[in-house]
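Fold and contact review
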Number of protein chains: 2
Amino acid sequence: MATLKQVAAHAEVSVQTVSNALNAPHRLRPDTLERVNRSIELLNYRPNRNARSLRTSAVELIGYCVPDWPNQTHLVMDQFLHALCAAAETSGRHILLFTAPPAVEGMPVYDDLHARRLVDGFVLSQTETHDPRHGWLKEKQIPFVSFGRVWKETTQPGPWVDVDGAAGSALAVQHLYDVGRRRIAFLSWPKSSGLAEDRLAGWRSKCNDLGLPTSGLSVHCGEDTIEEGVRATAALLDSAQPPDGIVALSDILALGALRELGRRGLTPGVDVGVTGFDDSPLAEVVSPGLTSLRQPMDRIASELINILTGTSTGVPAERLLQPELVIRGSSAPG
Amino acid sequence: MATLKQVAAHAEVSVQTVSNALNAPHRLRPDTLERVNRSIELLNYRPNRNARSLRTSAVELIGYCVPDWPNQTHLVMDQFLHALCAAAETSGRHILLFTAPPAVEGMPVYDDLHARRLVDGFVLSQTETHDPRHGWLKEKQIPFVSFGRVWKETTQPGPWVDVDGAAGSALAVQHLYDVGRRRIAFLSWPKSSGLAEDRLAGWRSKCNDLGLPTSGLSVHCGEDTIEEGVRATAALLDSAQPPDGIVALSDILALGALRELGRRGLTPGVDVGVTGFDDSPLAEVVSPGLTSLRQPMDRIASELINILTGTSTGVPAERLLQPELVIRGSSAPG
C-alpha cells in the first residue's frame with residue numbers, strides 16, 4: 001500500500017498538502033485538490049481510522065472541555081472554537097468536545113479520555129486563579145497547552161498562549177489620548193482576578209507614561225454585568241472631576257458605560273470616549289459601535305495546536321500575543 | 001477478557017451505568033461509580049479505542065460543524081454545545097467538531113469524515129431555507145439528525161428536532177395580554193426567513209384568538225441588529241396608535257426596543273412590555289432584565305442524540321418541543 005509520502009511525490013505537493021486534502025479539503029485550491037485526489041486514487045492510498053491506533057508520536061484527537069453555561073465571558077467562544085477546529089484540521093487533527101465538572105473534580109474525566117486514548121492531549125481555556133488542572137495534567141504526564149496563564153503562580157505549570165491584556169489596555173489609553181482625552185478612567189473586575197490586575201496595570205502604566213492622572217479613576221465592579229458598568233460609570237460621572245474617556249475591562253461593562261452616558265444625554269465618542277475588551281458580537285451590534293480589543297483568534301488557535309502537536313519544538317512554549325484595537329463610534333465618531 | 005455485560009452483572013448495575021462510568025463518570029453518584037470501578041478492576045475489564053473500529057452498529061463519534069463567525073444568532077451556541085456533549089456522553093459517545101464551507105460546498109467534508117469513519121453520523125443545526133445538506137446526506141445514506149426544520153420544503157428530508165416558534169410567540173402574546181397589554185406589536189425578520197414566518201404566524205393567530213388588533217403592528221427588520229430593533233420600535237411608537245406591548249423575534253431586536261423606549265423616557269415593563277426570543281446571555285445582563293423564550297436545550301440535545309443513535313426507534317423521528325417563557329422586568333416589573 002502506498003504511503004502519504006509517495007502520494008505527495010506523485011502529486012508534486014508537500015506531505016502537508018496531502019494531509020490537508022484528506023482532512024481539510026476545503027482549504028486547498030480546487031485544482032490542487034483534484035491533482036492530489038487523482039494521485040490518491042492512482043496509487044490506491046487508503047487512510048483509515050484503524051491506522052490511528054498504531055501511531056504514538058502524534059496528537060490526533062484533541063480534547064476541549066466545553067464550559068458550562070451561563071457565563072457571559074463566553075461571548076467569543078464560537079469564534080475560538082471555529083479557529084481551534086480550523087487550526088487542528090490544517091494538521092490533520094480534530095477537536096473532541098467533552099464536559100467535565102469544574103476544577104479538580106473534573107480531572108478524572110480528562111484522565112479517562114486520555115487513558116482510553118480517545119484523545120491524545122488537551123487544550124485548556126477559561127483558566128482560573130490557582131487553576132488546579134494544569135498541575136494535575138503535568139503530574140500525570142498528559143499533554144496539554146493552555147489558552148491563558150494560570151494567574152498568581154510564580155512559574156507556569158506548562159506551555160501556554162495568551163493575549164497581552166496590559167498591552168491591550170495601553171493601546172486603548174493611547175488611542176483615547178490621540179483623540180484628545182485627558183482623564184481616562186478604568187472599569188475593572190474584583191481584585192481577586194489576575195486578568196483584571198493585568199489589564200489594570202497596563203492602563204495605569206500607560207497613563208503614567210503620558211502624564212495622565214489615575215487617582216480616583218479606577219473602579220472595581222462586583223461582577224461582569226451591564227448594571228455594574230452603569231453603576232461604576234455613574235459614580236465616575238458624579239465625581240468632582242469626571243473622566244472624558246473610559247477603558248472598560250469587558251464589552252459588557254462598556255455597554256453599561258454606554259447606557260449611563262445615554263441616560264445623561266451624553267454622546268459616546270463625542271462627550272466621552274469608551275472602549276471595551278474582546279470585540280464580542282455585541283460590540284458591532286450596539287449603536288454607536290463599541291471600540292474594542294480583538295483577540296487574534298486564528299493566531300491563538302494555530303499557536304495552541306502547534307505547541308500541542310510538537311511542531312514548535314525548540315522554541316519556548318510560551319506565546320504572549322498582541323490584541324488589536326478595533327475602532328468604532330464609541331471612541332471616534334464619524 | 002471480561003465484557004461490559006459481565007461488569008454490569010458483577011456491579012449489579014445496568015450496562016448503561018457501566019458505560020457512564022467509563023464515558024461520563026461525573027454523571028454517576030460517587031458510591032455507584034466506586035462500585036462499578038471496583039468491578040472493572042476485579043474483572044480486569046479494559047475498554048480501548050481499537051475496539052471502536054470493530055463495531056459497526058452504533059454511533060460512537062458524532063460530527064458537528066462549528067459555524068463560521070460572526071453570526072449573532074450564535075449567542076446560545078455554547079449552551080447548545082454543552083447540552084449536546086452531555087447528552088452524547090450519557091450514551092458513551094462524544095462530539096467531534098469540524099469546520100466546513102457553508103451549504104453544498106461543505107458536503108465533501110462531511111462525506112470524507114464519514115468515509116474515513118472518523119464520525120458515524122452528524123448533528124446539523126443553523127438550518128437554512130432549502131438547506132441542501134440534509135438531502136445530500138440522505139442521498140449518501142449518511143446518518144444525520146437536524147436541530148431545526150428545513151424551511152419551505154413540503155416534506156422534511158430526515159429526522160429533526162425543533163422548537164415550536166409559533167407556540168413561543170403565542171406564549172409571549174398571552175403573557176403580555178395577562179399583564180394588561182392590548183396592542184401588541186411584532187418585530188420580525190425579512191420575509192424570506194421561514195423561522196420568522198413561523199414565529200410571526202404564532203403572534204398573529206394568538207392576537208386573533210384574543211381579539212387583539214394586528215393591522216399595522218408587524219414590522220420586518222432588515223437584519224438582526226440592535227439598530228434595526230431601534231428603528232422598527234421608533235416607527236411603531238411614532239404611529240397614530242402606538243403599541244403597549246412588543247414581541248421581538250430575537251433578543252437582539254428586543255434590545256433595540258428597550259433602547260428606543262429608554263431614549264423616549266418610557267420604562268420597559270411599565271409603559272410598554274417587551275419580550276425576546278432565545279433567552280441569550282444578554283437577556284439576563286440588561287436592565288431591566290429581558291423577558292425571553294428559552295429553548296429547552298437539554299431536552300433538544302437528548303432528543304437529537306436519541307434519534308441519531310437509534311434509541312428512539314419506532315417513534316416518528318420528529319420532535320416539536322415547547323419553549324419556556326422566562327419572565328423578567330421588561331414585561332413584568334417588580
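Owing to the predicted nature of the structure, the values given are computational and were not obtained by experimental measurement. (Residues numbered from 1 in each chain as written. Chains lettered and ligands numbered in written order. Predicted model: local features only at pLDDT ≥ 70, side-chain atom pairs only at ≥ 80, totals over all residues. Heavy atoms only, no water.)

Moving on: the sheet that holds strand S6 (residues 184-188) of chain A. All names here are of chain A. Here we have six strands laid out as an open sheet, ordered S7-S6-S8-S9-S10-S12, and mixed in their pairing. The strands lining the two open edges of the sheet, one partner per strand, are strand S7 (218-220) and strand S12 (324-326). Between one strand and the next, the sheet's axes are offset by a mean angle of 20°, whatever the strand orientation. Across three bridges, strand S9 (residues 273-277) lies against strand S10 (residues 291-294) in parallel orientation. Among the inter-strand pairings, Thr275 is bridged to a residue of S10, identified as Thr291. Set on the sheet, helix H8 (residues 165-178) makes contact with S6, strand S8 (245-248), S9, S10 and S12; between it and S9 the angle comes to about 165°. Contacts from helix H11 (residues 251-263) reach S6, S8, S9 and S10, with the element oriented near 160° to S9. (Pairing = 2+ DSSP bridges. Helix = DSSP H or I, 4+ residues; strand = E, 2+ residues; numbered from the N terminus. Axes fitted to C-alpha atoms, helices over the stretch in contact; angles between N-to-C directions. Contact = heavy atoms within 4.5 Å.)

All names here are of chain A. Segmentation of chain A into domains returns domain 1 (4-47), domain 2 (61-162 + 297-320) and domain 3 (165-295). Listed as interface residues are 12 residues of domain 2 and, on the opposing side, 16 residues of domain 3. When the two sides are added together, the surface that domain 2 and domain 3 hide from each other amounts to roughly 1000 Å², 56% of it contributed by carbon and sulfur. Summed over the shared surface of domain 2 and domain 3, the result is one salt bridge. Between Asp198 and Arg149 there is a salt bridge, with its nearest N and O atoms 3.7 Å apart. Tallied by class, residues from the side of domain 2 that touches domain 3 come to six nonpolar, four polar and two charged. (Domains from an automatic or database assignment. Buried area = accessible area lost by both parts, 1.4 Å probe. Salt bridge = Lys/Arg side-chain N within 4 Å of Asp/Glu carboxyl O. Nonpolar A, V, L, I, M, F, W, Y, C, P; charged D, E, K, R; others polar.)

In this section: the sheet that holds strand S12 (residues 324-326) of chain B. Residues and elements named next belong to chain B. The six strands are arranged S7-S6-S8-S9-S10-S12 in an open sheet whose pairing can be described as mixed. Of all the strands in the sheet, the pair left with one neighbour each is strand S7 (218-220) and S12. Here the strands of the sheet are splayed against their neighbours by 20° on average, with no regard to which way each runs. Sheet contacts for helix H10 (residues 226-238): strand S6 (184-188), S7 and strand S8 (245-248); angle to S6, the most-contacted strand, approximately 150°.

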